Each structure stands twice: as structure tokens, then as C-alpha cells.
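Remarks on the overall topology
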Amino acid sequence: MLLLEQLPVNYAPVAFQFFVAVGFVVVTMLATHLIGPKRKTSDKLTPFESGVEVQGNARHPMSVKYFLVAILFVLFDVEVIFMYPWAVNFRELGILGMLEMFTFMIFLLLGFIYIIKKGALNWE
Amino acid sequence: MSETLNYWLVIVGILFVLLNIAAFLIWVERRMLALWQDRLGPNRAGPFGLLIILADTLKLFFKEDWIPPFADRHVFVIAPAVIVISVLLSFAIIPFAPAIQIVDLNIGLLFFLGMSSLGVYSIVLGGWASNNKYSLLGALRGASQMISYEVFMGLSLMGVVMLSGSFSLRTIVEAQKDYWFVLLQPVGFVIFFIAGIAETHRLPFDIPEAESELVAGFHSEYSGMKFGMFFIGEYLGITLISSITVALFFGGWLGPAFLPPLAWFAIKTAGFILFFILLRASLPRPRYDQLMEYGWKILLPLTLLNLLVTGGIILFLNQP
């Protein structure tokens, strides 16, 4: 609480909101855990696979595309973050800031064109 | 001390209203879908079938709370909690009316973007911990979909930030006194709304839980109130995206004086929630590759262009 009061904006309500939200979730999930019946049957012990007998483990290798998208997200999100402060201050930064941001976006787009040409975003 | 008490009252009040809205939306959605599909929908329990909300909630509580023995026990329990907590926290920065707002952060919009990003953990952890093939597929799809649409979700809001010069939602709403930002930022609004649908993985972008392919996607193995948490999270997500859209693009609580500000906010938000449901009733689900290409190859460049054009016009008009 002391730490929260030292910040320029009062973050205490966010902390309160967090406690209330956690409280709601914990109480609800505990309640259903205690109220609900407990019946173990053999069908429940295997993962659901449309009624077919389970084949092997779920955790086998997946298409690498998902991983590639995650990496591209990290790259682009970091680049996009640079635009947030510019958007708030861009009136003060004026024409010069606009030109600089324009240059930055061209670099971003060059990378973007590169990944498209490489076929990183093509799904088969 | 009375200030602290006031906070608690507002927080608990808002939380109570939000959870009721989430439950109420189940009935609204089923009735509206039925209306648009020329059916009746739930109409037996109570007036207009309203008591189905109570029945649904009670049923969820009294169902078996099953944690499969093949699942990662701890992660399996944490996953549904994450989505509800992160969405509820996002509501902290929403200005419902001039006097009703939990906290007016100077970085409000960033806080919203950060919290909505946390929702992806819920899907990934839930799908992974279930140790079920359908769940894992749904989780992976959901993760790539949500992070892809997140890149330009924040960026599409920067036009609004440039117009108002602030991240604080209260300042943004007050900056729309003369005209709503949707008139100045129509492209930003459309892109944000599409990204919002993808972010809440609602139809037509419900690919992580596509029933016809993946049973129930990432929450196939969930039951009882843990499943209910994903459900509440989804409906709260709809409400969140609708209220953020209203606050940023449609003037928030502003409106003619014959209704109180809170009523204006509620009416506008309800309109968007109904639009979410209409989308579900009217649009087919796109293929996964179409969804990803649409996001990366069309919406992302369009957002950058929108930002540059907005900046250029504002600077041109402000020239001395």
C-alpha cells in the first residue's frame, strides 16, 4: 500500500479491483467444487476423442507455423510500441516527428514485405 | 478512510452489475438468435423465459467439478480464473458516467490493452493443461489468432489518441463534446471492432472453439463452474469491447440531456452487444488461413496507413 501511494496516479483502486475479482473467482470455483457430485466412471478417465479409442498422447509435434506467428508477433508488437508515445506527443513533435515516424514505418514495411515474400504468412 | 470505503462500494457495485449483465446476456443472446432465425428460444421458465438465467447458473453450480486425472491439475484450475480476472480488471478504467469510474489512469488505454492481452494465457494454459488433442489444437489456433489481431488492435486506437492527445479514457470522452470520433476515425473504428471480435474469439472468429471441427476447442475437458468461468469471461469480453468502443468512438456518456449520462452509456453499449449477437446469427466462420491472411496482409497495412493519414491531416490543419 505504501508503494502504491508513492505513484503519481492512485493505483490503489486497481489493487482493490484485483482482490475483489480474485475473491469472486475463488469463492465461485470453491463453491462448485464443494457442491457438485463426485462420480468416477471409467469413461471420464480418458481424454474426449469423439468416442473413438484414444490414440497416443495429445502433446505431439505441431505445425511450426504457430511458432512463426508468435515470433512475428513479438517483432511487430515491439515495433508498434514505439508508435504509442509518438501518438500522444505528436502535436509537439510536429512535422519533423511525422517525417521520422514515416521513415520508421517504411523500415517496418520493408520487413513486412520481406516476410510476405518469404511466405512466412502463407498457410497451406 | 471514507474515500477508501467509497472505492470498495463502487468496485463491488460495478462488479455485481457486470456479473449480472454477463448472466443476463446468456438469455439475451439465445432470445435474439432465436428471433433472427425465426424460432422462439427459451420461453418456458418465468416471464419471457427470464428464469432460465437462474436455472443455468444453478445448474452450473451443481454440476460435477471434474478435474481429469490426465490433466495438469494446477494449470487446469488457474486457466479459467485468468480470463475472468483479466477482463474484470479491464473494467477498472472504463468511464461509465462522469462520477462512476473506478480509476482514471493516465495510461488507461495501455492498461486496457495489457489486460486484454492476458486473456490469451487463459486459452493457451487451458488447452495445454487439458491434455486433449482438440483442446491443444484450439489453444494453438486461439493463441496465434489473438496475438495476430493484437498487433493492430492497439495501433488502430492511436488515431483516437492523436486526436485527444491522451491515453486517459475520461479525457478521450470529454474530447468528443462536439463530434464523436467515429466520424473522424471510421477506419480506426472498424479495424478496432474487428480486432475486438477476434480478441474475444466470438463468432465469426470463434476458430479456437469451432464446434464443428474441435468439439468445444480449448475448453472441451472443462465442466461445472470452471466451464462457466470461460462463459462469463466471453460475455464480459463482449461487454468490455462494446463499452470501450462506445467510450473511444461514440462519445461515451455524452448525449442529449433528457437522459442521464449513465443511461446513454448503457444504451450505446447495449447496441454494440446486440451487434455482436447479430454477427453470430448472420456470418459464417472463415477458414483459418483466411483469418490470418486477412489480419496480417490487409488490416495491419491499413492500420498503418490510417495512422499516417490521420497524422498528416491533423498536422496540416494545425499549421499556423
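The name given to chain B in an unreviewed UniProt entry is NADH-quinone oxidoreductase subunit H, with the source organism recorded as Solitalea longa. Annotation of chain B in UniProt includes, under Catalytic activity (unreviewed entry), the sentence "a quinone + NADH + 5 H(+)(in) = a quinol + NAD(+) + 4 H(+)(out)". On record in UniProt, under Sequence similarities (unreviewed entry), the comment for chain B is "Belongs to the complex I subunit 1 family."

Chain A appears in an unreviewed UniProt entry as NADH-quinone oxidoreductase subunit A from Solitalea longa. We quote the UniProt Sequence similarities (unreviewed entry) comment for chain A here in full: "Belongs to the complex I subunit 3 family." The Subunit (unreviewed entry) comment attached to chain A in UniProt states, word for word, "NDH-1 is composed of 14 different subunits. Subunits NuoA, H, J, K, L, M, N constitute the membrane sector of the complex."

**Description of the layout of surface pockets**
Here the largest pocket defines a volume of roughly 1,000 Å³. Along the walls of the largest pocket sit 43 residues, with I26, L60, F231, I232 and Y235 of chain B positioned nearest its centre. Only α2 (12-35) of chain A together with α1 (2-36), α2 (52-62) and α11 (224-249) of chain B provide two or more residues apiece to the lining of the largest pocket. With 12 residues, α1 of chain B is the single largest residue contributor to the lining of the largest pocket. Estimates place the volume of the second largest pocket at around 480 Å³. Taken together, 22 residues line the second largest pocket, and the ones lying closest to its centre are V17, L18, I21, T239 and A266 of chain B.

**Notes on the UniProt feature "transmembrane region" (unreviewed entry) in chain A**
Residues and elements named next belong to chain A. Here the UniProt-annotated "transmembrane region" (unreviewed entry) positions come out as residues 12-35, 66-87 and 93-116. Taken as a whole, residues 66-87 contains 95% helix and 0% strand, while its terminal C-alpha atoms sit 31 Å from one another. As annotated, residues 93-116 has a helix share of 100% and a strand share of 0%, and its two end C-alpha atoms lie 32 Å apart.

About the cut-offs
- Residues numbered from 1 in each chain as written.
- Chains lettered and ligands numbered in written order.
- Predicted model: local features only at pLDDT ≥ 70, side-chain atom pairs only at ≥ 80, totals over all residues.
- Heavy atoms only, no water.
- UniProt positions renumbered as here; feature names shortened; annotations may be inferred.
- 1 Å grid on protein atoms, 1.4 Å probe; cavity = no way out; pocket = protein on both sides within 12 Å on 5 of 7 lines; lining within 4 Å.
- Points joined across faces, edges and corners; volume = space filled by probe spheres on them.
- Helix = DSSP H or I, 4+ residues; strand = E, 2+ residues; numbered from the N terminus.

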